Amino acid sequence: MPILIERPALASRRKAMRVRDCAAFFMEFLSNPAGIGAVVPSSRNLARKMIEWIDWTQVRAVVECGAGTGVFTGYILDHMKPNTRFFAIELNASMAGVFSEHYPTVTLYQGSVTNVRRLCDREGIESVDVIISGLPWASFARPDQEQCLEALASVFSPQGSFATFAYLHGLYLAAGRRFGRMLSTHFEKVERSTISWHNLPPAVVYRCWRSSGG
Ligand SMILES: C[S@@+](CC[C@H](N)C(=O)[O-])C[C@H]1O[C@@H](n2cnc3c(N)ncnc32)[C@H](O)[C@@H]1O
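Our subject in this report is the structure included herewith. (Residues numbered from 1 in each chain as written. Predicted model: local features only at pLDDT ≥ 70, side-chain atom pairs only at ≥ 80, totals over all residues.)

1. A closer look at the overall build of the protein
Secondary structure assignment for the protein yields eight helices and seven strands. The C-alpha atoms of the protein give 17 Å as radius of gyration, which agrees with the globular expectation for 214 residues (17 Å, within 12%). The principal-axis extents of the C-alpha atoms in the protein amount to approximately 55 × 40 × 30 Å. Going through the 214 residues of the protein one by one, you find that 38% of them count as buried. Considering only intrachain contacts with a sequence separation of at least 6, the fraction spanning at least 24 residues in the protein is 70%. (Helix = DSSP H or I, 4+ residues; strand = E, 2+ residues; numbered from the N terminus. Rg over C-alpha atoms; globule rule 2.2 N^0.38 Å. Buried ≥ 20, exposed ≤ 12 C-beta atoms within 10 Å, placed from the backbone. Contact = placed C-beta atoms within 7 Å.)

2. Quick look at the site of the ligand
Close contacts around the ligand come from 23 residues, with Pro 41, Ser 42, Gly 66, Gly 68 and Gly 134 the closest. Put simply, the parts of the chain that give the shell around the ligand at least two residues each are helix 2 (33-36) and strand 2 (85-90). Tallied by class, the residues present in the shell around the ligand amount to 14 nonpolar, eight polar and one charged. (Near = placed C-beta within 6 Å. Nonpolar A, V, L, I, M, F, W, Y, C, P; charged D, E, K, R; others polar.)

3. A few points about unusual backbone geometry
The step from Leu 200 to Pro 201 runs through a cis peptide bond, and the omega angle for that step is -10°. For Pro 201, the position within the fold is in the loop between strand 6 (189-192) and strand 7 (203-209).

4. Looking at the packing of helix 7 (residues 142-153) against helix 8 (residues 174-186)
One can describe the packing of helix 7 onto helix 8 by two numbers: an axis separation of 11 Å at closest approach and a directional angle of 25°. With respect to helix 8, the axis of helix 7 lies roughly parallel. Note on packing geometry: the crossing formed by helix 7 with helix 8 is right-handed. Residue-level inspection shows Arg 142, Gln 145, Leu 149 and Ala 153 of helix 7 in contact with helix 8, the latter providing Arg 178, Phe 179, Met 182 and His 186. (Axes fitted to C-alpha atoms, helices over the stretch in contact; angles between N-to-C directions. Parallel < 35°, antiparallel > 145°, perpendicular 65-115°, else oblique. Left-handed = near helix turned anticlockwise from the far one by under 90°.)

What is shown is where atoms sit, not what they do.
And the structure:
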């Protein structure tokens, strides 16, 4: 049976890709620790916590930001409906290159999320129902946190939902605590998930709703 022969090959190819992604990620972290904010890509366990709380039946447009090598992307593609609009934004050129190798059919803009309004206009998207963010908020200075969050908040639909994560240790840093407070000013309801201990480092997901009816 061909499938029995192919399965181990597919598994080892996936493992090789994961090792290569980790190596690429780590090299980018070394050259820009604050901009990348993590030593390796997020775990699949964290990816599930980011994606699975959202009611995907209602989502017309989704944007992924700080997409990195695309750990969350596969889960977004698996959950979104065929007519849902989707594009991703990633600032780092090397990460964007790896992402596009993995997802050649997904529209990826290499640039900052501060341009999200312009990118939505370019895509003909008036408002966004879901934003999945991998941005390293706790390593951003206050002006970067404010600019990025305000830019994202400006494109949400009234019933929009926002998923982002924080490393456990980051919750206790001044920048991490400040970001938590900022979320409460932009969203009516903010919850924190249980800890993803499988992630390196362990992390929690912030689940945020623009309107508390969400
Ligand atoms: C912690 S990594 C997360 C990557 C991926 N989402 C994951 O979970 O593995 C943060 C990513 O955000 C990107 N990034 C940082 N600032 C950004 C910005 N202003 N606009 C877009 N992407 C940004 C970094 O280049 C990096 O790839």
